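# Structural overview for review
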Amino acid sequence: MNSFAHFKIWVLTLCMVFQSGHGFYLPGSYPHKHGIGDTLSVKVNSITSIETEIPFSYYSLPFCKPLEGVKDSAENLGEVLMGDRIENSPYKFKMYTNESDIFQCQTDPLSGENFKLLKKRIDEMYQVNLILDNLPAIRYAKKESYFLRWTGYPVGIKFQDAYYVFNHLKFTVLVHKYEEANVAHVMGTGEAAEVIPTIASGGSELPGYMVVGFEVVPCSVMHDAKSVKNLKPYEKYPSPVKCDPTTVAMPIKENEPIVFTYEVTFEESDIKWPSRWDAYLKMEGSKVHWFSILNSLMVITFLAGIVLVIFLRTVRRDLTRYEELDKEAQAQMNEELSGWKLVVGDVFRAPTNAGLLCVMVGDGVQLLGMAVVTVMFAALGFMSPASRGTLIIGMILFYMILGISAGYVAVRLWRTIGCGDKKGWVSVSWKVACFFPGIAFFILTTLNFLLWGSHSTGAIPFSLFVVLIFMWFCISVPLTLVGGFFGAKAPHIEYPVRTNQIPREIPAQKYPSWLLVFGAGTLPFGTLFIELFFIMSSIWMGRVYYVFGFLLIVFILLVVVCAEVSLVLTYMHLCVEDWKWWWKSFFASGSVAIYIFLYSVNYLIFELKSLSGPISEALFLGYSLLMALAIMFAMGSVGFLSSFWFVHYLFSSVKLD
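What this report covers is the structure whose coordinates are included nearby. Keep in mind that what you see is a predicted model, and the values were worked out from it rather than measured. (Residues numbered from 1 in each chain as written. Predicted model: local features only at pLDDT ≥ 70, side-chain atom pairs only at ≥ 80, totals over all residues. Heavy atoms only, no water.)

## What about the packing of aromatic side chains?
What counts here: Planes of paired rings set the category: under 30 degrees apart is stacked, over 60 is edge-to-face and the rest tilted, where pairs are Phe, Tyr or Trp rings (Trp by its six-membered ring) whose centres lie within 6.5 Å. As a reminder, the over-ring test applies to NZ of lysine and CZ of arginine, requiring each to be within 6 Å of the ring centre and within 35 degrees of the ring normal.
Taken as a whole and judged by the stated rule, the model has 47 aromatic pairs. Every member of this aromatic cluster is reached through a ring pair, and the members are F348, Y495, W581, W582, F640, F644 and F651. A cation sits over an aromatic face here: R121 above Y126, 5.3 Å from the ring centre. Here the guanidinium or amino end of R349 rests over the ring plane of W579, the centre of that ring lying 5.7 Å away.

Right, dumping it as structure tokens:
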């Protein structure tokens, strides 16, 4: 078969993918067909709470355990880092087979320790998270005239000084009949049909079903412990169990056992397999979300456009006026120079702590590239919420690969500041590879000790720590050194003007220049704060974040605004004869991180009012600080590189003696 035929097949395949619309999630993710009577196994994840933000193992509480013993499911690196601990459970269903009054187990009499722990977890509003065919259990709660959707169900509830446990679960599994498409009919005839196998039009004889929904209703039912003494798991409870979610009847008492039961009902649904995640993504408030982001985009784009137009007119008019003068007039004008033209002999003078600046810019480029590529892949559907942990894995993978760009940018900038001197490029590359990762490692290790002390599943296991360190020094560091090698080989950037030996004195300023620099972060923050609310809610309130397309647009807009703000401030400083623009251009756009961290503190005080305990607050502030530092490095590098290009362009456009 020729190459053109292969090309046609690929085009047709892509057309089929894009015709599925929102049904496309993750390449390699396919529906599972189950025959009637096939066993469906429910898995359990860590129990979580927005009260503490500290996850714990499901089996840390006195729940029923599977007969075959507790076994960990295959977990990827991202799931472990997110605190997920997926294990098997005693809940087992048979496809399209309704069952009721199923006895699960009777626990041992509650010891004093288990009794106190269960009460504590109920007070802290911990939620049980169940998973069936990769779908989290969803719970609907009616509030006034509309329904609220929640993932998981509470461990129990406190009512009139008594603690009640939800010991009966009413499951509803939504299924859709498996449809076997005739692929050859879709693809057409000819060469395509020779490659794509044809599926028989009649399909298989036995019908198959796919799981497209998993709902749970928790109930507190008073069971008779004596009547289940001789019952084995999965046998019928002696009397019918009535599940009424509006009442509670099973108080927990010390030295008394708890009986657990469940029922399951299968319902055929019109929901197709590619659309089964819609119930989790279409949460209430989405209209406000879209409107707020669109409004923010319009306002910030308008403001950025005004700043850009004014800026270009001012600089271009100044350059045009100078270039139109004859040589005699230019010589006379040089004697009466003012503003940025007076700092021509100092504008490229090496800044203080030049090595640190190079390292921070290199790390910022690496973080910026990681963010852009990760959000792009997520917007294209490669990092769907249907595949847990892929977002974290993608971030780590892209960050390590982009170590090449970090080393290249840092070393080339180092050589430019040193006027082409290659000496010290290895040291700069090492510092780039260790500076930000070292800060992140210190913060995460400190927080991990807090989680270890709490026996939380959110704690990173020691073995994983070893793996992360191995990846850092065996993958990221060598790639950064490779980038530094290419940066040392690349030609350094030539300055368009010479630097005087004696630095020019900077005139006294009417206002502190650094105050203006740190105040400049307000405009970039304005492009981000609405989207930041939804990001924070998805991280700390347990909501699913899925609008990566809008996040990509907002992120690009943020980069543009950061570049513009840094250009304007650099020009303003040069106009008042302040030639120390290097660090100020970095922090002019990097200062947005200050407002992001302050917003995080505001979110903690006003949105996470129920967050309790010093450990939970330390975790929140620690992760928020790490996020703010990453944004400072990334946006600071945007501001510095754009200002460096502008200053180089400005002084290379006008020949000054």
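## Here we look at the packing of helix α9 (residues 354-379) against helix α12 (residues 425-453)
Going by this rule: Here an angle of 0 to 180 degrees is reported between the N-to-C directions of two axes, which are lines fitted to C-alpha atoms, with helices fitted over the stretch in contact. The numbering of helices and of strands both runs from the N terminus, where a helix is a DSSP run of H or I of at least 4 residues and a strand a run of E of at least 2. Throughout this description, any angle smaller than 35 degrees is read as roughly parallel, any larger than 145 degrees as roughly antiparallel, any in the 65 to 115 degree range as roughly perpendicular, and the remainder as oblique. It is the rotation of the near helix from the far one that decides the hand of a crossing: anticlockwise by less than a right angle makes it left-handed, clockwise makes it right-handed. By definition in these notes, contact holds between two residues if any of their heavy atoms fall within 4.5 Å. Residue polarity is assigned by list, with Asp, Glu, Lys and Arg as charged and Ala, Val, Leu, Ile, Met, Phe, Trp, Tyr, Cys and Pro as nonpolar; anything else, Gly included, falls into the polar class.
Running from N to C, α9 and α12 point in directions that differ by 60°, and their axes come no closer than 9 Å. With respect to α12, the element α9 is oriented oblique. Between α9 and α12 lies a crossing whose hand is right-handed. Counted together, L356, V359, M360, G362, D363 and L367 of α9 and V428, K431, V432, F435 and F436 of α12 form the full contact between these two elements. Of the residues contributing to the contact of α9 with α12, the split by class is 8 nonpolar, 1 polar and 2 charged.

## Some points on the packing of helix α18 (residues 592-606) against helix α19 (residues 614-653)
Contact geometry for α18 and α19: axes closest at 8 Å, N-to-C directions at 160°. One element, α18, and the other, α19, form an angle in the roughly antiparallel class. For the crossing formed where α18 meets α19, the hand is right-handed. Each of V592, A593, I596, F597, S600, V601, Y603 and L604 in α18 lies in contact with α19, whose residues at this interface are F620, L621, S624, L625, M627, A628, I631, M632 and M635. Counted by class, the contact of α18 with α19 contains 15 nonpolar, 2 polar and no charged residues.

## Quick word on the pairing of strand β15 (residues 259-268)
Selection rule: Per-residue accessibility, obtained with a 1.4 Å probe over protein chains only, is compared with the maximum for each type, and a residue is labelled buried under 20%, exposed over 50%, and partly exposed between these values. Criterion used throughout: strands pair if DSSP finds at least two bridges between them.
In terms of residue burial, β15 counts as a mostly covered element, since 7 of its 10 residues are buried. Pairing of strand β4 (residues 99-106) with β15 involves 5 bridges; the strand directions are antiparallel. The residue bridging I102 from the neighbouring strand is Y262, located in β15. Of the strand pairs in this sheet, strand β13 (residues 168-177) and β15 are connected by 8 bridges, and their pairing is parallel.

## Topic: the environment of G487
Tracing the backbone shows G487 in helix α13 (residues 462-489). In this structure G487 comes out as buried when scored by relative accessible area, which is 0%. Residues G487 and S405, 82 residues apart in the sequence, show an inter-C-alpha distance of 9.1 Å. Apart from residues no more than four positions distant in its own chain, G487 is found in contact with Y408, V411, R412 and R415.

By themselves, these are just geometric observations and shouldn't be taken as functional.
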